[in-house]
Amino acid sequence: MWILNKAYYRTFQVVFWAGMHFIPWIEPKLFIGSGSVLKLPQLMKEKGLQRILIVTDKSLMMINMLDELFEALEKAGIDYFVYDSVQPNPTFENIEDAKQMYLDNNCQCLVAFGGGSPMDCAKATSAKISRPDRPLEKMSGTFRVLLPSLKMTSILPPALWAIPTTAGTGSETTVAAVVSDPTTHKKFPINDPVIRPRYAFLDPDLTKTLPKGMTSTTGMDALTHAVEAYIGRSNTKDTALKAKMAVKMIYENIETAYNDGNNIEARSQMLLASYYAGCAFTRAYVGYVHAIAHNLGGFYGIPHGLANAVIMPYVLEWYGECIHKRLAQLAECAGVSNPEFTDGQNAKAFIDSIKELNKKMDIGDHFPEIQEKDIETIVIRAFKEAHPNYPVPKIMNKEDCISVIRQIMSSNQM
Ligand SMILES: NC(=O)c1ccc[n+]([C@@H]2O[C@H](COP(=O)([O-])OP(=O)(O)OC[C@H]3O[C@@H](n4cnc5c(N)ncnc54)[C@H](O)[C@@H]3O)[C@@H](O)[C@H]2O)c1
Ligand SMILES: [Fe+2]
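Fair warning: this is a prediction, and the values are worked out from it, not measured in the lab.

Let's talk about the environment of Ser-59
Then, number 1: Within the element layout of this structure, Ser-59 appears in helix α3 (residues 58-62).
Then, number 2: Using a count of 14 C-beta atoms within 10 Å as the deciding quantity, one classes Ser-59 as partly exposed.
Then, number 3: Along the primary structure Ser-59 and Glu-228 are separated by 169 residues, whereas in three dimensions their C-alpha atoms are 31 Å apart.

And the structure:
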């Protein structure tokens, strides 16, 4: 049975990978640099957009981060409405409320302002506007917003303009929206190119206010995207290149951004790295680090980037030899390889460097809040997410996953 399952997963992944070449992968139009976000109102005016819904969260409103944008929109004569109740892991309720506000005010497009949570909320809202009849759970998976029951009455999701204020999720370029059901603790991704943002503004001024803990963990989320995409089996030339560029840029800049939040160059590089990592994983997928992390987020509210940062070394060690060559290549990008070393030694150097980065940025090495009684459900849900979709380098069975989670729960690896 196990052999048959594995064969099914691999066949599915190969067929999917081949099919993906026929999908138009249109990246968002990019605006980069300090103050770039202020170009948005003029652009909207040129496109004849008059009424927009901005999706954000209360913390960003409280520190007045949107004030300049509001002023510029007013000057351009654009009516804006603000939905600012997005929670750290956007919920069904957030999405329903944002959809209602959009419809009540006859808006013409969505602007997501914030980290992954507002961006994902806006993406899922656009999906719901297009398919009000389809429950969000049914959109879980890939291509499930419009398909499989495309109706004549379906409308395309409204265009989304994304303004990231964290450098981590890459949601401004991905086809994914991760949503949570707080009653069941389920967190699941909706993957569909129709919800990919059309415009993205990478403005480093907006990330200067990120506290140290958020700078480090969101940066490690971006690193996890690049690493999981690169070691997976569904790369293209472009995803491999972007993943490697992201790893290099993150290693060169994350500590500076962490130690000196006002360093605009480091902030810009981190935003771009996060964008490249997003482009890589949205096509080449992530792996077990994310599948487990999403569930630790759902069960214990552990922030996504923090979960990835802690879990990544354990999962990479579990993969073992099958990823040594790929990790050795990443070690070179990261500047931690030694030409005299074997691939296995360089792979170890790379994993050690991740642990070291975590340590330097005050990120722990385990999650004691994991409850033994939850492990089985975490595994079932992680596998539901990963199998057959994630083209992981090696497929875990239940016992493998339980043993990795037990290490994450109790280890003191450093
Ligand atoms: N769609 C995707 O492709 C994708 C990829 C990875 C993660 N995610 C999802 O993204 C979410 C996490 O996003 P996140 O890590 O960006 O955090 P977040 O959006 O949840 O924000 C966390 C906190 O940081 C604050 N914050 C954001 N930017 C700030 C700034 N510049 N200054 C001060 N405070 C700021 C927010 O107000 C919030 O309180 C998770 O739900 C995760 O599942 C989505
Ligand atoms: Fe992520």
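Side note on the nonpolar core
Then, number 1: In this structure, Ala-226, Ala-246 and Val-247 are the most contacted members of the largest nonpolar core, which totals 121 residues.
Then, number 2: Residue-level mapping places this core at the junction of two domains, with at least three residues from each of domain 1 (2-17 + 213-410) and domain 2 (33-146 + 154-207).
Then, number 3: Setting aside anything within four residues of it in sequence, one finds Val-247 in contact with Leu-223, Ala-226, Val-227, Leu-330, Cys-333 and Ala-334.

Comments concerning the pairing of strand β2 (residues 51-55)
Then, number 1: Across the five residues of β2, four count as buried, placing the element largely inside the fold.
Then, number 2: Of the pairings in the sheet, the one linking β2 to strand β3 (residues 79-83) comprises five bridges and is parallel in character. When the bridges of β3 are listed, Val-55 appears paired with Tyr-83.
Then, number 3: Direction of pairing for β2 relative to strand β4 (residues 109-114): parallel, over a ladder of four bridges. Residue Leu-53 lies in a different strand from β4, and its bridge partner there is Leu-110.

Re the packing of helix α10 (residues 288-300) against helix α11 (residues 304-319)
Then, number 1: Across the interface, α10 lies against α11 with an axial gap of 9 Å and an inter-helix angle of 135°. As far as their axial angle goes, α11 and α10 are oblique. Crossing angle aside, the handedness with which α10 passes α11 is right-handed. Only His-304, Ala-307, Asn-308, Ile-311, Met-312 and Val-315 of α11 make contact with α10, whose side of the interface consists of Tyr-288, Val-289, His-290, Ile-292, Ala-293, Leu-296 and Gly-297.

Remarks on the site of ligand 1
Then, number 1: Taken together, the neighbourhood of ligand 1 is formed by 30 residues, with Ser-59, Gly-115, Gly-116, Ser-117 and Thr-174 sitting nearest.
Then, number 2: For the shell around ligand 1, the secondary-structure elements that each account for two or more residues are α3, α6 (116-130), β7 (176-181), α7 (212-231) and α11.
Then, number 3: Sorting elements by how many residues they give to the shell around ligand 1 places α6 first, with four residues.
Then, number 4: Counted by class, the shell around ligand 1 contains nine nonpolar, 18 polar and three charged residues.
Then, number 5: Structurally, the shell around ligand 1 is a two-domain feature, drawing no fewer than three residues from each of domain 1 (2-17 + 213-410) and domain 2 (33-146 + 154-207).

Section: the domain arrangement of the protein chain
Then, number 1: Split into domains, the protein chain comes out as domain 1 (2-17 + 213-410) and domain 2 (33-146 + 154-207).
Then, number 2: Taking only C-alpha atoms into account, the centre of domain 1 sits 26 Å from that of domain 2.
Then, number 3: Counting residues at the interface gives 29 residues for domain 1 and 27 residues for domain 2.
Then, number 4: Looking at the side of domain 1 that touches domain 2, the elements with two or more residues in it are α7, α9 (264-284), α10, α11 and α14 (375-386).
Then, number 5: In terms of residue class, the side of domain 1 that touches domain 2 is built from 11 nonpolar, 14 polar and four charged.

A short note on the sheet that holds β7
Then, number 1: A sheet is described by the order of its strands in space; here three strands give the open sequence β5-β8-β7, paired in mixed fashion. Only two strands of the sheet have a single partner each, and these edge strands are β5 (141-142) and β7.
Then, number 2: In terms of strand pairing, β7 meets strand β8 (residues 186-191) through six bridges, oriented antiparallel. Following the sheet pairing, Val-179 is matched in β8 by Phe-188.
Then, number 3: Contacts from α6 reach β7 and β8 within the one sheet, and its direction differs from that of β7 by about 90°.

Rules and cut-offs
Each residue is numbered by its place in its chain's sequence as written, counting from 1. Working convention: letters from A go to chains and numbers from 1 go to ligands, in the order in which they are written. The model is predicted, so local features are restricted to residues of pLDDT at least 70 and side-chain atom pairs to those at 80 or more, both for listing and for counting; the totals for chains, interfaces and linings are taken over all residues. Only DSSP runs of H or I with at least four residues qualify as helices, and only runs of E with at least two residues qualify as strands; both kinds are numbered from the N terminus onward. Three exposure classes are used, all based on how many other C-beta atoms lie within 10 Å of a residue's own C-beta (placed from the backbone): buried at 20 or more, exposed at 12 or fewer, and partly exposed between those limits. By definition, a nonpolar core groups buried Ala, Val, Leu, Ile, Met, Phe, Trp, Tyr and Cys residues that connect through C-beta atoms lying within 7 Å of each other. These domain boundaries are the output of an automatic or database domain assignment. Remark: residues whose backbone-derived C-beta atoms lie within 7 Å of one another are considered to be in contact. Paired strands, as defined in this entry, are two strands with at least two bridges between them according to DSSP. Axis definition: a line fit to C-alpha positions, over the contact stretch in the case of helices; interaxial angles, taken between N-to-C directions, run 0 to 180 degrees. Throughout this description, any angle smaller than 35 degrees is read as roughly parallel, any larger than 145 degrees as roughly antiparallel, any in the 65 to 115 degree range as roughly perpendicular, and the remainder as oblique. Handedness of a helix crossing follows the sense of rotation of the near helix relative to the far helix, less than a right angle counterclockwise being left-handed and clockwise being right-handed. By definition, a residue lies near a molecule or strand provided its backbone-derived C-beta atom is within 6 Å of it. Polarity classes work like this: nonpolar for Ala, Val, Leu, Ile, Met, Phe, Trp, Tyr, Cys and Pro, charged for Asp, Glu, Lys and Arg, and polar for all others, with Gly in that last group.

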